[in-house]
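Architecture at a glance
Given next are the chains, with one letter for each unit.
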Amino acid sequence: MGFEVIKPGLLSTLQDEGRYGHRKYGVITSGPMDLFAHRAANILVGNDWDAAALEMTLLGPSMVAQKDMLLSLCGADMEADRDGIRVPLWRPFLIRKGDQLNVHYAVMGCRAYLAVYGGFEVKPVMGSRSTYLRAGIGGHQGRALQAGDDLSVSNDVVGDYLHHPGSVSAFIRPGYEENPVVRVIQGREAALFTEASVRSFLAQNYFVTSQSDRMGYRLEGMRLELSDGVPSEMISEAVVQGTIQVPPSGQPILLMADCQTTGGYPRIAHVITADLPLVAQVKPGGKIRFREVSHREAQEQILLQTMDLRLLEAGVRAWVRDRGGI
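Given the structure is predicted, the values throughout are model-derived calculations rather than measurements.

Here we have 7 strands rolled up into a closed barrel, ordered E12-E19-E16-E17-E14-E13-E20, and mixed in their pairing. For this sheet the average axis-to-axis angle between neighbouring strands, irrespective of direction, equals 40°. With 3 bridges joining them, strand E14 (residues 216-220) and strand E17 (residues 253-255) adopt antiparallel strand pairing. Considered in E17, the bridge of Tyr217 is made with Leu254. Where helix H2 (residues 195-203) meets the sheet, it contacts strand E12 (181-186), strand E13 (205-208), strand E16 (243-245), strand E19 (267-271) and strand E20 (287-292), and its direction lies at approximately 120° from that of E20.

Turning to the packing of helix H1 (residues 35-44) against helix H4 (residues 295-322), a few remarks are in order. Running from N to C, H1 and H4 cross one another at 15°; their axes reach a closest spacing of 9 Å. In terms of their interaxial angle, H1 and H4 are classed as roughly parallel. Remark: the crossing between H1 and H4 carries right-handed chirality. Note on element contacts: H4 touches H1 through Gln305, Leu309, Leu312, Glu313 and Val316, opposite Phe36, Arg39, Ala40, Ile43 and Leu44.

Further remarks concern a nonpolar patch on the surface. On the surface, Leu10, Leu59 and Tyr105 cluster together into a nonpolar patch covering about 300 Å² of accessible area. If you trace the backbone, Tyr105 turns up in the loop between strand E9 (100-102) and strand E10 (108-116).

We now examine the pairing of E10. Burial within E10 is extensive, with 8 of its 9 residues counted as buried. Sheet topology note: the strand E5 (residues 69-77)/E10 ladder contains 6 bridges and is antiparallel. Each residue of the ladder has a partner; that of Ser72, found in E10, is Ala115.

Attention shifts here to the packing of aromatic side chains. This structure, assessed with the given rule, holds 6 aromatic pairs. Aromatic side chains Phe36 and Trp90 sit 6.2 Å apart centroid to centroid with 50° between the ring planes, which places their arrangement in the tilted category. Here Phe36, found in helix H1, pairs with Trp90, found in the loop between strand E7 (85-86) and strand E8 (92-95); they are 54 residues apart in sequence, far enough to count as distant. With a centroid separation of 6.0 Å and an interplanar angle of 50°, the aromatic rings of Phe201 and Tyr206 are classed as tilted. Overall, the relative accessible area of 2% leaves Phe201 in the buried class. Here the guanidinium or amino end of Arg310 rests over the ring plane of Trp49, the centre of that ring lying 4.0 Å away.

The subject of this paragraph is H2. All of the buried residues along H2 are Ser197, Ser200 and Phe201. The buried side chains of H2 occupy one side of the element, clustering within an arc of 105° when seen end-on. Of the exposed residues in H2, the ones pointing more than 90 degrees away from its buried face are Glu195 and Arg199. Against E12, E13, E16, E19 and E20 lie the buried residues of H2.

Moving on, we come to the pattern of salt bridges. Per the counting criterion, the structure on display carries 18 salt bridges. Between Asp149 and Arg143 there is a salt bridge, with the nearest N and O atoms lying 2.9 Å from each other. Across the pair, exposure class does not vary: Asp149 and Arg143 are buried alike. One salt-bridge network, in which partners are shared between bridges, spans Asp48, Arg310, Glu313 and Arg317.

This part takes up the nonpolar core. In this structure, Phe201, Tyr217, Ile244, Leu254, Val271, Ile288 and Phe290 are the most contacted members of the largest nonpolar core, which totals 47 residues. Of all hydrophobic cores here, the second largest spans 28 residues; its members include Met56, Leu101, Val103 and Val122.

What follows deals with H1. Where burial is concerned, most of H1 is hidden: 9 out of the 10 residues are buried. Along H1, the residues that are buried comprise Phe36, Ala37, His38, Arg39, Ala40, Ala41, Asn42, Ile43 and Leu44. Just downstream of H1 lies Gly46, where phi reads positive at about 85°.

Relative to the assigned elements, Arg267 resides in strand E19. Classification of Arg267 by relative accessible area gives buried; the value is 10%. For the pair Arg267 and Ser212, spaced 55 residues apart in sequence, the C-alpha separation works out to 18 Å. For Arg267, the residues in contact, after removing those within four places along its chain, are Gly187, Arg188, Glu189, Ala190, Met234, Glu237, Ala238, Val239, Thr243, Ile244 and Gln245. Within the local environment of Arg267, its side chain forms a polar contact with the side chain of Glu189, the two groups lying 2.8 Å apart. In this structure the side chain of Arg267 is engaged in a polar contact, spanning 3.0 Å, whose partner is the side chain of Glu237.

Judged by pairing direction, the sheet is antiparallel, and its 5 strands sit side by side in the order E2-E3-E10-E5-E8 without closing on themselves. Edge strands, defined here as strands with exactly one partner in the open sheet, are strand E2 (11-15) and E8. Strand-to-strand twist in this sheet, taken as the mean axis angle between neighbours without regard to direction, amounts to 30°. Strands in contact with H1 are E2, strand E3 (53-57), E5, E8 and E10; relative to E5, the strand with the most contacts, it is inclined by about 155°.

Reading the values: the criteria
- Residues numbered from 1 in each chain as written.
- Predicted model: local features only at pLDDT ≥ 70, side-chain atom pairs only at ≥ 80, totals over all residues.
- Heavy atoms only, no water.
- Pairing = 2+ DSSP bridges.
- Helix = DSSP H or I, 4+ residues; strand = E, 2+ residues; numbered from the N terminus.
- Axes fitted to C-alpha atoms, helices over the stretch in contact; angles between N-to-C directions.
- Contact = heavy atoms within 4.5 Å.
- Parallel < 35°, antiparallel > 145°, perpendicular 65-115°, else oblique.
- Left-handed = near helix turned anticlockwise from the far one by under 90°.
- Patch = residues over 30% accessible without salt bridge, like charges linked within 9 Å, V, L, I, M, F, W, Y side chains within 5 Å.
- Areas by Shrake-Rupley, 256 points an atom, 1.4 Å probe, with all protein chains shown as cover.
- Salt bridge = Lys/Arg side-chain N within 4 Å of Asp/Glu carboxyl O.
- Buried < 20%, exposed > 50% of the residue type's maximum accessible area, 1.4 Å probe, protein only.
- Phe/Tyr/Trp six-rings, centres within 6.5 Å; stacked < 30°, edge-to-face > 60°.
- Lys NZ or Arg CZ within 6 Å of the ring centre and 35° of its normal.
- Arc of directions from axis to C-beta.
- Core = buried A, V, L, I, M, F, W, Y, C linked by side-chain atoms within 4.5 Å.
- Polar contact = N/O pair within 3.5 Å; in protein donor to acceptor, adjacent residues only side chain to side chain.

Here you go:
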């Protein structure tokens, strides 16, 4: 038992940290679009970082609790309520059997993550509980939620001691903005583009078009041109989340969590891992601007972000342990 789904939301899927070790066979990683929010939500309820949580896009579901549970909601502000009473964002809260949780349209950001103590209980496929929609594997029956679904939860809450007062400080959250400046490192084929195109890429805003999804964001802005004599397609090479490819149209494609394993378009840049959460929270119609940084800064930023999450986890576990909990 866990939740009965009354309304499924626009696109609600179960995701853990991803399906690793199978890319050589063409199996994509999947996992959360905003890894920081996903991890933070799991930490707040005492889960391992890799527990399955519910990723909700733009409009969340309405679900009835089938037992008492400890929850947390991180990421986009979807103005969620429990029987009409607002629930907090970025901190844990309790829900009682029979309560209805309603997750509304995102007033800020694009994706929110709902974690429950013990994690959502679904069968792993190739070592992961992440939903891969195009292949129909993982998650809840390999698909997005539908009305009438029952979501199982692994553990029961034993006493209110788990309801700790911790929260995710604004100081450690990614700098979510409606139109973020996103840091990138130079792509392998950046030198194949004209100097004017490279300057333009770093100087203008790109709009996220409506033809964007978990596989990738199609961006719209000034056309990027390759130098004379450079073919617009190349032998396919590895791509990952954050890779920015430029097809013959000259309009970039920013690959996201469900991206393919290889691509045959020139790679002008790559979004640093620490800034992928910023991209994940941009709605269609929103704008992104890119700023180049060094490999060293990219590495430093992900280390700092990971350290912040480790400190949050240590604080939560210490509070619960001191009270005889998990």
